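# Coordinates in review
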Amino acid sequence: MMEEVENVIHCFKEEQRLIYEDLMKEEKSTTNELRALEKKIDTWALHSSTRERVFNLLSGKVPVDKTLQNHLPKEVVEFERFLQQTGGRQGGWDDYDHQQFLKAWTKHKGKSVYIEEALEYLSGRTKEDIQQHGTWYQEFMILEERKKESIQKWKLKKQQEKQEIFKENQKSKEMKRENLQQEAAQKQKAEAERKKQQAAIEAWKRHKEIEFARKQASRLKEEEEKEKRQQKDRRRHFQLKLLLEKHIQQKEEQKAQQRLEKEKREDAEREERKRIAAEEISKFQERDLHKLELKILEKQTKEEEKKEKERRLAKLREKVEVHVTRDPSRLYKPTKGWEERTKEIGSTDVQALTYIPHRAVPTWRQGL
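Residues numbered from 1 in each chain as written. Predicted model: local features only at pLDDT ≥ 70, side-chain atom pairs only at ≥ 80, totals over all residues. Heavy atoms only, no water.

### A closer look at the overall build of the protein
Helix and strand counts for the protein stand at eight helices and zero strands. Listed by position from the N terminus, the elements making up the protein come as α-α-α-α-α-α-α-α. Burial status across the protein gives 15% buried among its 368 residues. At a minimum sequence separation of 6, the contacts of the protein that also span at least 24 residues come to 70%. With an accessible surface of roughly 32400 Å², the protein has 54% of that area assigned to carbon and sulfur atoms. (Helix = DSSP H or I, 4+ residues; strand = E, 2+ residues; numbered from the N terminus. Buried < 20%, exposed > 50% of the residue type's maximum accessible area, 1.4 Å probe, protein only. Contact = heavy atoms within 4.5 Å. Areas by Shrake-Rupley, 256 points an atom, 1.4 Å probe, with all protein chains shown as cover.)

Written out as structure tokens, the structure reads:
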């Protein structure tokens, strides 16, 4: 039991140590990334030329580092994107123009009067250019201030996380102390319990030894009786086996005799069926032959009748010769039958149907 408690405490300590190491590594990597980003922004602003800034601004293909977006504060990413899209920390202007602009801006604290003074120093710039650059510079200062505030907040947050980790470590140490004290108390209690259990185990062992000796003696006696019963059962089984083998032999002899008789009977029945089948086949063959002869005679008779009929028709054709002339106009003339019919209809008197007979009306329905 004590070993299990020690293992649990050891596992808990190891887990806390690993968590603390992971947090320290994460803090260190985040700090390094933030410092690298600041250096990158500063070096980019110093070494990028005006022509390259203008080209990137016009082309719109300035890449944005996805890893920085995922690990840095939103305000820092927005400030870097603003610098990339507008030409760096000078807004696409060269160093001289930008410094002259800053002098006028700082002198007049961003009031509109600075434009006139800036025009005197910047001969190659128009009023609209200076106004646009002023708008850009205002947004630049706002985003830069947001970036600084975000970095301060981030540092404060990291400091708070460190304090929380320190508090957790202190808490874990206190818990370890309490656990050690509890372990010591548990060890003392467990030792007393162990001694008590040891005494109980010794008494139990003695009791078990006595009980085992008694059971051993009873088991030997039971085995002797069991051996006697088994010998008796083996003798009885041997006798039953002999009787069973004798009975099986008699059954097999009877089955062999019955099988021979059955085979003889089946052979006789098979021969009888063959004889009957041969007689039936001969009868069927005679009947089929008779039917075939009748069909042949019938066919011959029909052929003779057909020939006789053709001879008679030939004689009639020789006696009667029909000569018909073609008259297409007869198609439009009435037939003889139709002429005879019209004659019969013309000879009959046509009377008007003034009276149509009806069924008689019952007296009880008359007048309804």
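Read on for the rest.
### Topic: the pattern of salt bridges
Under the criterion given, the structure shown has 17 salt bridges. A salt bridge links Arg270 to Asp267; the nearest nitrogen and oxygen atoms lie 2.6 Å apart. Of the two residues, Arg270 and Asp267 are both situated in helix α7 (residues 127-319); the distance of three residues between them amounts to about one turn of the helix. Residue Asp267 is classed as partly exposed on the basis of its relative accessible area, which comes to 38%. For Arg275, the salt bridge is made with Glu272, and the minimal N-O distance between the two is 2.2 Å. Of this pair, Arg275 and Glu272 are both found in helix α7, three residues apart, which corresponds to roughly one turn of the helix. The exposure class assigned to Arg275 is partly exposed, which follows from its relative accessible area of 40%. Salt bridges here are not isolated pairs; linked through shared partners, they connect Glu14, Arg17 and Glu21. (Salt bridge = Lys/Arg side-chain N within 4 Å of Asp/Glu carboxyl O.)

### Thoughts on the confidence of the model for the protein
On average, the protein scores 79 in pLDDT, and the residues at 70 or more come to 85%. When pLDDT is averaged over each helix and strand of the protein, the minimum, 40, is found for helix α2 (residues 50-59) and the maximum, 87, for α7. (pLDDT = per-residue confidence, 0-100.)

### A closer look at the packing of helix α5 (residues 95-108) against helix α6 (residues 114-121)
Axis separation between α5 and α6 bottoms out at 9 Å; the angle between their running directions is 150°. Considering the angle they form, α5 stands roughly antiparallel to α6. Once α5 is placed against α6, the crossing between them reads as right-handed. Residue-level inspection shows Tyr96, Gln100, Phe101, Ala104, Trp105, Lys107 and His108 of α5 in contact with α6, the latter providing Tyr114, Glu117, Ala118 and Tyr121. A class-by-class count of the residues in the contact of α5 with α6 yields seven nonpolar, two polar and two charged. (Axes fitted to C-alpha atoms, helices over the stretch in contact; angles between N-to-C directions. Parallel < 35°, antiparallel > 145°, perpendicular 65-115°, else oblique. Left-handed = near helix turned anticlockwise from the far one by under 90°. Nonpolar A, V, L, I, M, F, W, Y, C, P; charged D, E, K, R; others polar.)

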